[in-house]
Structures are given as C-alpha cells and as structure tokens.
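Inside the fold
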Amino acid sequence: MHSDVIQRFYFSGQPVRGAIVKLQNSYIESLNGHDYPPIVNALLGECLASTLLMGLNLKHQARLSLQARGNGVIHLLMGEAQLKINPGELNQHSIRAVARLKDPYDASAEASLTLDELIGQGHLAITIEPEEGERYQGIVEAKAASLSACLENYFQQSEQLPTTIQLITSPTMAAGLLIQRMPTEESKISANEAQTDNLWEEVNTLAATVSNNELLALDSETLIFRLFHEHVVTLSPPEKVCFDCSCSEERTGQALLKIGVKEVSALLKLDSEVVMDCEFCSARYRFTQSKLQQLGMKFN
Ligand SMILES: [Zn+2]
C-alpha cells in the first residue's frame with residue numbers, strides 16, 4: 001500500500017463522485033526546512049490535501065494552487081499541486097507548500113483559533129493553470145471557521161456543484177474526503193433527479209459518520225466499504241503523490257532578470273553574489289555578476 005495517494009470513486013449509474021487523499025511522506029517533506037507552528041503545519045496539510053481533491057474534475061495536466069491571503073497572523077497559506085494527468089496511464093502528482101506569518105508570532109496563543117481568525121480580512125483563491133488552455137481563477141472570502149467550509153462555499157458559489165469536504169491532519173499525516181454531485185448534463189448519466197436527491201442525502205449522512213481516526217488510518221478501499229457498502233461504488237486505481245519543488249537555478253535567474261539590473265547591481269555592491277532562497281523547499285541559489293551576465297543581464 002502506498003502512503004501518499006489519491007483515489008477517486010464513483011457511484012454506479014449516478015452523478016455522484018468523490019475522492020480520498022492520504023499524504024504522509026509528501027506532507028512531511030513539504031514542511032521540511034520550515035519551522036511553522038503546529039497549527040500552520042496542520043492548515044498546510046489541509047491545503048495540500050485540498051489541492052489534490054480539487055483536481056478531481058480536471059482531465060488534463062495542470063497546476064492547481066490554493067492561496068489564502070489576509071491581514072491576520074497568517075499572511076499567506078499556499079498549497080500547490082502539479083497534476084500529471086495522462087489518459088491511459090496512471091496519474092502521478094507532486095505537491096509543495098509555503099506559509100508567511102506575521103512576526104513576532106506566539107504559536108501557543110493561537111492554537112485554538114479558527115481559519116478566519118488566523119487569516120483575518122482576506123480571501124481564498126483557487127488557481128488552475130492548464131498546460132494547454134486558459135488560466136482560471138476563482139475567489140471566495142476566507143470567511144469560514146475551516147478550510148473545508150471555505151471550499152464548500154466556493155463550490156456552491158462559483159461552480160454550483162454541491163460538494164462536501166472533510167479534512168484532517170495529524171503531525172505526520174494529512175487526509176481528506178470529498179464528495180460531489182455532478183451536473184446531470186456533464187455526467188452523461190440519465191439519472192432520475194429525485195433518486196439522485198435521495199442518494200446525495202444518504203451519501204452525505206453516511207460520510208458524516210466517518211471519524212477523524214478512520215479517515216487517517218483506513219485505506220481507501222476499507223473506508224469506502226465501511227461507509228458505502230450498500231451501494232455499488234467503483235474505486236479507481238490509487239494515484240501516487242510526492243513532494244517536488246519546481247524551482248531551479250534557471251527559473252530563479254529569470255526572476256532576477258525581471259527584478260532589473262539597477263536593483264541587482266545595488267545588491268552586488270553589498271556582496272559578491274546575490275543569494276536567492278526558494279520559499280517552498282529552502283534550496284539556495286547563488287548568482288555572481290558573471291553568472292548573471294551569462295543569463296543575459298547587461299551591466300554598465
Ligand atoms: Zn524550491
């Protein structure tokens with residue numbers, strides 16, 4: 001059994017689908033090198049699980065990110081997934097995360113705060129950048145006690161898709177369960193509306209009985225059986241998830257070129273090289289003047 005997986009499932013002949021995600025190593029590696037308070041680690045775990053769950057409807061490769069920004073003790077909370085979706089192959093995805101906090105920050109004092117209390121006045125942005133096609137961004141107010149409630153609002157407001165999301169983390173694991181009612185036209189399933197209403201209600205009642213421990217500990221197959229054994233549910237093969245940062249010396253150098261020669265020259269007067277740290281994975285990149293010249297920066 002893989003420890004880092006997302007698995008989709010479908011209710012046979014009904015426009016109701018869902019997914020279960022479990023992250024262990026990829027979650028821990030995403031937090032490595034950071035020293036966030038436990039509550040921030042937990043929220044980042046929820047963010048990462050959500051980015052994967054939100055990709056449920058995508059048919060092609062894309063980068064999907066969730067960003068909560070505000071004026072509270074947490075300025076930024078971000079989870080990002082590179083969704084590698086290849087028809088006919090087993091999908092594989094990679095994730096990374098970052099948070100920015102207001103300083104100084106007393107973690108112990110904030111342990112019981114809700115999402116909106118931590119983010120303050122702010123919003124949650126869902127961005128999808130397909131490898132081919134147009135970038136999409138949806139925004140909702142970060143005005144809910146939890147990330148799952150915020151995302152449920154997003155699906156209701158922006159997509160008109162009834163969706164329920166459960167998210168849970170432990171210090172070593174993040175897990176999530178999403179259930180969604182598809183629009184009848186899109187699902188290509190000629191289901192009876194009243195019948196679907198009943199199923200949707202029943203599935204939600206059943207899903208609400210899952211405990212945090214069960215969501216963390218049970219594998220998808222056992223969990224689906226435990227919840228929905230009276231229904232015919234098709235479980236897709238597990239798709240692997242790993243931690244991977246897409247930063248590189250080349251991309252970091254390109255970012256410096258955008259900053260401009262004036263600012264970079266000022267930095268080079270202070271030191272013999274410009275040092276850039278990746279906010280996601282803490283990788284360090286060093287650029288001397290000659291290296292920057294090689295990249296195309298023109299010094300006077
Ligand atoms: Zn990086």
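What counts and what doesn't
- Residues numbered from 1 in each chain as written.
- Predicted model: local features only at pLDDT ≥ 70, side-chain atom pairs only at ≥ 80, totals over all residues.
- Helix = DSSP H or I, 4+ residues; strand = E, 2+ residues; numbered from the N terminus.
- Expected span 1.5 Å × (residues − 1).
- Contact = placed C-beta atoms within 7 Å.
- Domains from an automatic or database assignment.
- Core = buried A, V, L, I, M, F, W, Y, C linked by C-beta atoms within 7 Å.
- Buried ≥ 20, exposed ≤ 12 C-beta atoms within 10 Å, placed from the backbone.
- Arc of directions from axis to C-beta.

**Things to note about helix α5 (residues 147-159)**
Every α-helix winds through 3.6 residues per turn, so residues three or four apart in the chain are directed the same way. Taking 1.5 Å of rise per residue, the 13 residues of α5 would be expected to cover 18 Å, and the 17 Å separating its terminal C-alpha atoms lies within 8% of that figure. Buried residues in α5 make contact with α2 (38-54), α4 (115-119), β6 (122-130), β7 (136-141) and β8 (163-170). Just past α5, the residue Q160 takes up positive phi, approximately 50 degrees.

**Some remarks on the domain arrangement of the chain**
When its domains are assigned, the chain resolves into domain 1 (5-243) and domain 2 (249-294). Here the C-alpha centroids of domain 1 and domain 2 sit 35 Å apart.

**Thoughts on unusual backbone geometry**
The phi dihedral of Q160 falls on the positive side, at around 50 degrees, and the residue is not glycine. Here Q160 is to be found in the loop between α5 and β8. Of note in the backbone geometry, S282 takes a positive phi value of approximately 70 degrees without being a glycine. Within the secondary structure layout, S282 lies in the loop between β12 (273-277) and β13 (284-288).

**Structural notes on the nonpolar core**
Counting 65 residues, the largest nonpolar core has V21, C47, L48 and A49 as the members making the most contacts within it. It is α2 that provides the largest number of residues to this core, a total of nine residues. Residues in contact with L48, not counting those within four places in the same chain, are L23, Y27, S30, G79, I95, A97 and A174.

**Considering helix α9 (residues 220-228)**
Restricting attention to buried positions, one finds in α9 the residues S220, L223, I224 and L227. Angular distribution of buried residues about the axis of α9 spans 100 degrees; they occupy a single face of the element. In α9, the exposed residues that point more than 90 degrees away from the buried face are T222 and F225. Tucked inside the fold, the buried residues of α9 contact β1 (5-11), β2 (16-23), α7 (193-207), α8 (212-217) and β10 (233-235).

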